Amino acid sequence: MSADPRVVVPASNEVGLSVVVPAYNEEDRLGPTLDAIRAHLRADPGRWGAWELIVVDDGSTDATAKVAEEAAAEDPRIRLVSSGANRGKGHALRAGVLASCGRRVLITDADLATPVEELDRLDGELAHGGADAAIASRAHPGSRIEVRQRRLRQWLGRAGNLLIRLLAVPGIRDTQCGFKLLDGDKARGAFAGARLRGWGVDVEILRFFHTRGWRVTEVPVRWSHVEGSKVRPADYGRVLLELLLLRLRAVTRTDLAVAGLFLLASVLLYRGLWADLDHGYLRDAGQDQNQWEWFFAVTADNVAHLRNPLFTTLQNHPDGVNLMANTAMLGLSVPLTPVTLLLGPTVTWALVLTLGLTATATAWYALLARRIARHRWAAALGGAFAAFAPPMASHGNAHPNFLVLFMIPLIVERALRLCEGRAVVRDGVVLGLFAAYQVFLGEEPLLLAAMGMMLFAAAYAVARRDIARVAWRPLLRGLGIALGVCLPLVAFPLGWQFFGPQSYTSVMHGDNTANSPLALLSFAGRSLAGTDAGADPLAMNRTEQNAFYGWPLAALATALVIRLWRHALVKALAFTAVAAAVLSLGSKIRLPYTDLEVTGPWRLLAHQPLFESVIESRTAMICAPVLGMLIALAADRLAAPRPRAHRAAGYAVLAAVLVPVVPTPYPVRERAEIPAFVTEGTYRSYLADGESLVTVPLPDPGSADALYWQSATGLGFPLAGGYFNGPWGPDRIGIYGAVPRHTSHLLGEVRSTGRVPELGPGWQEQARADLESWRAGVVVLAPQHHGEALYETVNRLLGKQGERVGGVWVWDVGEDDGAR
C-alpha cells in the first residue's frame, strides 16, 4: 500500500499534536483505532494542524507491529516505536512520549474505551481553561458510562483510586483512565523523570504535575468497557506496590541519614535496657515498667484469645480493670501482639520506647522540613529537640504514651492543609482517621496538642488577618468532616472508658502537680548540665520533669523572637510557648523566693471536663516542638550564605545552648527474681477457677512486682489489688490502684514500719471478709524488707502458720484448702 502523496510530514517544531498509543498484542483492535484517530484529526485540519501518531509496540508476540507498519506505510505521520520485550505500560508510554514532538501530547489506550471525539473536550481545558493537563475521568459526575465493567472490577477500581488519592495524588478521582491530554514540554519533562514500568505510571506522572504546581483538570467523558482488557485483578495490587516504591523514592539520602541518627540516639539512650532485657529495669521508672509490660501482655492475651481488649480481671480481681480508661496504648499493644507473644512484653516495652522515640523525632523532622526550614539539617536539629527535649526525656523513663507522639506532627500537617482549602474532604477524612488512631495511643497528648494548635491558630489569626479570613471556612468544614469520621470510630471505646465497668470521672493526682517558675529555667536530672539534686525538688517525680529547658535556651528563644518579630509565624510561636508555660504553673503560682501566690490562668480550666484529669505541669511540653521550630528557623538562617565568621559564631551559640540539655542514657537497675512458686507453676494447685492470688502486701503504685510475675509467666493467675487507674467512692473519683481495704492498708503499714500490731478477733474477721471479697485462693509472701514482721502479721490474721513453698511463704485460703 503506497503512502498518500497529499500528506505532508511536518517538521518537528511544527507539530501541534502528538498522539501516543501503547500497544501489546493488539493486532485485532489497533487497525480500527488508528483509523478512527486519523479520521477525527483529518475532519478538522484547521483545528489540529500538523499532527503525528506514535504507536509503541511493547514487545508484542502477535502481528501488532505489522499492523502499525502497514498504517505507517500509508500515512508517514504514523510512526512505530518498538520494544524488544514486554516491559509494561510505563516503559511504553515513556518511550512514546519522549519520541514525540507536539506542543500537546494525547495518550490513549489501544481499545479507545474513551472515543477519540472526547479529545475536543480535553483540548478545550488546555486552550481556554488554563490547564496543563486534562484527563478523562470516569468518576466525574458528568461522565456517561455506556458499558460498565463487572462489579469486581468496579469495586477494585474505586478502592484503588481511593488509596491512590490518599497516598499519592490528592484531589484526582480517576487516575487510571487511559485518555489524557498533556502540555507537550511538561509531558516530556515528566516522563523523562519517570521510573515506573507498570500501570502505576499514570499516578507517577500526575504526581509529578502535582508536586510542581501544574494544573490538572478532570474532564467528564463518554466511556465504554471493552472486553479484552490487559488489566487483571492482580494488577491493582501491583499498582499499589509501585506507588509504595514511588513514595520511597521521594525519600532522600539526607532523610535516611537523619532517621538513622535518630535511631542511633534512641538506642544509646536505652542501651542499658537493651543490654539486659532479662533483668534490666529502668531505675527511675517507679513501678511503671511493671505496669506497662503488664498492659502489653494482657492486651496480647486478650487478642490471642479473642477477648474484649478493653477490660480484664487479671488485676483487681474480681472487679477488674477498664483498660480503655488506662494507658494501655491499644494502637500499639494490639498490632504488636505477635511480638509480645513470641518475644515477651519486655521486648515490646523496649521496642516501643526506642522506635517510638525515633518515629516521633522523624515525624517532627518531616513537618519542619516541609513547613519551616529550607535546609534539611536545620529541620533535623529542630526535630531532634522536639523529640529529645528534657520533658520528653523525663517521660521516656516510664510513659511511652507521652514519648510516642509521631501522630501529632501528622495531625498538625493535616490541619495546615485544611487551612489551604485545596482538598478539604480528603484532608478532613485523613485528619479524622489520624485523630482516631491517636486516641488509641494517648488521649492526653492529643488534648495538649489541640491546646497548642488552638493557641497558635488564635495568635496567627491576629497577626495575619488576611490569611485567617480565607482559611477559617475550609478549616471549620474540614474539622466537621474530621469529627464525622473520628467519632463513630471511637464512640464505643470512649463510651466504655467513661461509662463502662470500672470507669471513673476524674483522676486524683495530689499536690505538687504544677510547675514552679524555676522549673522552666532549670536543667533536668537526665540532661548533661543537670543533677537529680537540683531537679527533684522542682518536680512531682523523675517521670514528670515537664519543663527544665534551661535558662540559656530561654534566653536564646527570647533573642530569636525579638530578632524575627516581624514574621507572623514567630509571633504565633512566641505566644504559644509563653501561654503554655504560664498555664503549666497551675491555678496558684508561687513566686520564687517569696511566700506570695498569685492566681494562674489554669484555674479557668482546672475543673472543666477532661482538663480536671490533666497534670497541669504537662502543658509545658507544648513548648518542646515550639522551641524546636525556633531552633530550626535559627539553624536555617545560619545555613544561608553569610560570612564564615558569623556562621561559626551562630553555630557556637546554638551548641552552647543545646548541649547542656542533651539527655543522658537512662540508668538501669537489677530486677528482682520471680519466685519459683510462680515460675514453676506451683501456684496452680492452690487456685481453683475464679480464685485470685493475694500477695503480701498487695500490689499497689508503690510496689507492683507481682504484675511482673504475671506478665513474665503467661498471665496464669489473677491478682487482688494492683497498679492501674480505677474508681473510688460514691463520686467514682479516679485513683491509682485498687480501692483500699482494711487488710491491704494494714499490710502496707507493716511493710513501711516493720512493727507487728496488736490484732484481735475483729481484725481476723475483717481479713476473712477482705479475702472473700478478693476471692482469694492463696496468700503469698515473697522475701522482702520487713518480711519477718509481715509473716507474723499474716499468721495472726489468718490464725495459722504459713508453709514454705517455692521460695515464698504460702497460706492456702481457698474454698477447698482442706484438700490441699
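Everything below is about the structure shown above.
Keep in mind that this is a model prediction, so the values were computed, not measured. Within each chain, residue numbers correspond to sequence positions counted from 1 in written order. Local features are withheld for residues below a pLDDT of 70 in this predicted model, meaning they are given only at 70 or higher, and side-chain atom pairs are given and counted only at 80 or more; totals for whole chains, interfaces and linings count all residues. Calculation of side-chain values draws on the structure's entire complement of heavy atoms; hydrogens and water are dropped beforehand.

### Observations regarding the overall build of the chain
Argument step 1. Numbering of helices and strands starts at the N terminus; helices are DSSP runs of H or I of at least 4 residues and strands are runs of E of at least 2. A tally of regular secondary structure across the chain gives 32 helices and 21 strands.
Argument step 2. Summarising its shape, the C-alpha atoms of the chain cover approximately 120 × 70 × 45 Å along the three principal directions.
Argument step 3. The buried label goes to any residue with under 20% of its type's maximum accessible area, the exposed label to any with over 50%, and the partly exposed label to all in between, with areas taken from a 1.4 Å probe on protein chains only. For the chain, the proportion of its 820 residues judged to be buried stands at 53%.
Argument step 4. Only heavy atoms enter the contact rule, under which two residues are in contact if any of them lie within 4.5 Å. Residue pairs at least 24 apart in sequence account for 78% of intrachain contacts in the chain once pairs closer than 6 positions are excluded.
Argument step 5. Of the roughly 36,300 Å² of accessible surface on the chain, 59% is carried by carbon and sulfur atoms.
Argument step 6. By the counting scheme adopted, Arg and Lys are positive, Glu and Asp are negative, and His together with the chain ends is not counted. Working definition for charges: the position is that of NZ of Lys, CZ of Arg, CG of Asp or CD of Glu. Counting 80 positive and 76 negative side-chain charges, the chain places the centres of these two groups 9 Å from one another. The Shrake-Rupley method, run with a 1.4 Å probe, gives the accessible areas here. Residue values count only the displayed protein chains as cover.

### Concerning the pattern of salt bridges
Argument step 1. By definition, a salt bridge exists where a carboxyl oxygen of Asp or Glu is found within 4 Å of a side-chain nitrogen of Lys or Arg. Overall, the coordinates contain 41 salt bridges when judged by the stated rule.
Argument step 2. The partner of Glu 118 in a salt bridge is Arg 222, and the shortest N-O contact between them spans 3.3 Å. Of this pair, Glu 118 sits in the loop between β4 (104-108) and α5 (119-127) while Arg 222 sits in strand β9 (residues 222-224), placing them 104 residues apart in sequence.
Argument step 3. Overall, Glu 118 belongs to the buried group, its relative accessible area being 6%.
Argument step 4. Classification of Arg 222 as partly exposed rests on a relative accessible area of 23%.
Argument step 5. The partner of Glu 420 in a salt bridge is Arg 422, with the nearest N and O atoms 2.9 Å apart.
Argument step 6. For Glu 420, a relative accessible area of 36% corresponds to the partly exposed category.
Argument step 7. For Arg 422, a relative accessible area of 68% gives the class exposed.
Argument step 8. Each of Arg 283, Asp 284, Arg 526, Asp 532, Asp 536 and Arg 542 takes part in a single network of salt bridges with overlapping partners.

### Let's talk about the environment of Asn 515
Argument step 1. Mapping Asn 515 onto the fold places it in the loop between α21 (465-499) and α22 (517-521).
Argument step 2. Under the relative-accessibility criterion, Asn 515 is labelled buried at 6%.
Argument step 3. Between the C-alpha atoms of Asn 515 and Ser 617, which are 102 residues apart in sequence, the distance is 5.0 Å.
Argument step 4. Those residues within four positions of Asn 515 in sequence are excluded, and the remaining contacts are Asn 546, Ala 547, Ser 584, Leu 585, Ser 617 and Ala 620.
Argument step 5. Definition of a polar contact: a pair of N or O atoms within 3.5 Å, with one able to donate and the other able to accept a hydrogen when the atoms are protein atoms, and with sequence-neighbouring residues admitted only if both atoms are side-chain atoms. At 3.2 Å, the side chain of Asn 515 and the backbone oxygen of Ser 617 are in polar contact.

### Thoughts on the packing of aromatic side chains
Argument step 1. Planes of paired rings set the category: under 30 degrees apart is stacked, over 60 is edge-to-face and the rest tilted, where pairs are Phe, Tyr or Trp rings (Trp by its six-membered ring) whose centres lie within 6.5 Å. Going through the model one piece at a time under the given rule, you end up with 16 aromatic pairs.
Argument step 2. Ring plane angle 40° and centroid distance 6.0 Å describe the contact between Trp 292 and Phe 296, whose orientation is recorded as tilted. On the criterion of helical spacing, the pair formed by Trp 292 and Phe 296 is a turn pair, its members being four residues apart in helix α12 (residues 288-304). Across the pair, Phe 296 and Trp 292 agree in class, each one buried.
Argument step 3. Cluster of aromatic residues (ring-pair linked, three or more members): Trp 292, Trp 294, Phe 295 and Phe 296.
Argument step 4. Over the ring of Phe 208 we find Arg 212; its NZ or CZ atom is 3.5 Å from the centre of that ring. Two conditions define a charge located above a ring, namely a distance within 6 Å from the ring centre to NZ of Lys or CZ of Arg, and an angle within 35 degrees of the ring normal.

### Section: a nonpolar patch on the surface
Argument step 1. Each patch is assembled from residues with relative accessible area greater than 30% and no salt bridge, linking like charges that lie within 9 Å and nonpolar side chains (Val, Leu, Ile, Met, Phe, Trp, Tyr) that lie within 5 Å. A contiguous nonpolar surface patch, about 410 Å² in accessible area, is contributed by Leu 261, Leu 264, Leu 268 and Trp 377.
Argument step 2. Sorting elements by how many residues they give to the nonpolar patch places helix α10 (residues 253-269) first, with three residues.
Argument step 3. Relative to the elements of secondary structure, Leu 264 occurs in helix α10.

### A few points about the nonpolar core
Argument step 1. Tyr 270, Phe 385, Tyr 549, Leu 630, Phe 677 and Leu 693 are the most contacted members of the largest nonpolar core, which has 146 residues in total.
Argument step 2. By residue number, the principal contributor to this core is helix α26 (residues 623-639), which donates 12 residues.
Argument step 3. For Leu 630, the contacting residues outside a window of four places in its chain are Ala 557, Leu 560, Val 561, Val 570 and Leu 573.
Argument step 4. By size, the runner-up hydrophobic cluster in this structure holds 33 residues, among which are Val 19, Trp 51, Ala 113 and Leu 119. Definition of nonpolar core: a set of buried residues of the types Ala, Val, Leu, Ile, Met, Phe, Trp, Tyr and Cys, connected through side-chain atoms within 4.5 Å.

### A closer look at the pairing of strand β5 (residues 133-137)
Argument step 1. Counting buried positions over the five residues of β5 gives five, a clear majority of the element.
Argument step 2. By this definition, two strands are paired if DSSP reports at least two bridges between them. Alignment of β5 against strand β7 (residues 179-183), held across three bridges, turns out to be antiparallel. Considered in β7, the bridge of Ile 135 is made with Lys 180.
Argument step 3. Relative to strand β8 (residues 216-220), β5 is paired through five bridges, and the arrangement is parallel. If you follow Ile 135 over to β8, its bridge partner there is Glu 218.

### A look at the sheet that holds strand β19 (residues 776-781)
In a beta sheet, neighbouring strands pair by backbone hydrogen bonds and run either parallel or antiparallel.
Argument step 1. The mixed open sheet is built from four strands, whose spatial order is β16-β19-β21-β20. If you trace the sheet from one side to the other, it starts and ends with β16 (692-695) and β20 (803-805), each paired once. Adjacent strand axes in the sheet meet at a mean angle of 35° when their direction is disregarded.
Argument step 2. Sheet topology places β19 next to strand β21 (residues 808-812); four bridges connect them, and they run antiparallel. Bridge pairing links Leu 781 to Trp 809 in β21. Note on geometry: axes are lines fitted to C-alpha atoms, helical ones only across the stretch in contact, with angles between N-to-C directions running from 0 to 180 degrees.

### Describing unusual backbone geometry
Argument step 1. Cis rather than trans, the peptide bond between His 317 and Pro 318 has omega equal to 5°.
Argument step 2. Within the secondary structure, Pro 318 sits in the loop between β11 (311-312) and β12 (321-322).
Argument step 3. Note the cis peptide between Val 696 and Pro 697, where omega equals -10°.
Argument step 4. Summarising the element assignment, Pro 697 is placed in the loop between β16 and α29 (705-712).
Argument step 5. Although it is not a glycine, Leu 112 adopts a positive phi angle of roughly 50°.
Argument step 6. Mapped onto the secondary structure, Leu 112 falls in the loop between β4 and α5.
Argument step 7. Of note, the phi angle at Phe 548 is positive, near 55°, even though the residue is not glycine.
Argument step 8. Tracing the chain through its elements places Phe 548 in the loop between α23 (532-535) and α24 (551-563).
Argument step 9. The class of Phe 548 is buried, set by a relative accessible area of 0%.

### Topic: the sheet that holds strand β3 (residues 78-83)
Argument step 1. Strand order in the open sheet formed by seven strands is β3-β2-β1-β4-β7-β5-β8, and the pairing between neighbours is mixed. For this open sheet the edge positions go to β3 and β8, each flanked by a neighbour on one side alone. In this sheet, neighbouring strand axes are inclined to one another by 20° on average, regardless of whether the strands run parallel or antiparallel.
Argument step 2. Relative to β7, helix α8 (residues 201-211) is tilted by about 35°, and along the sheet it contacts β5, β7 and β8.

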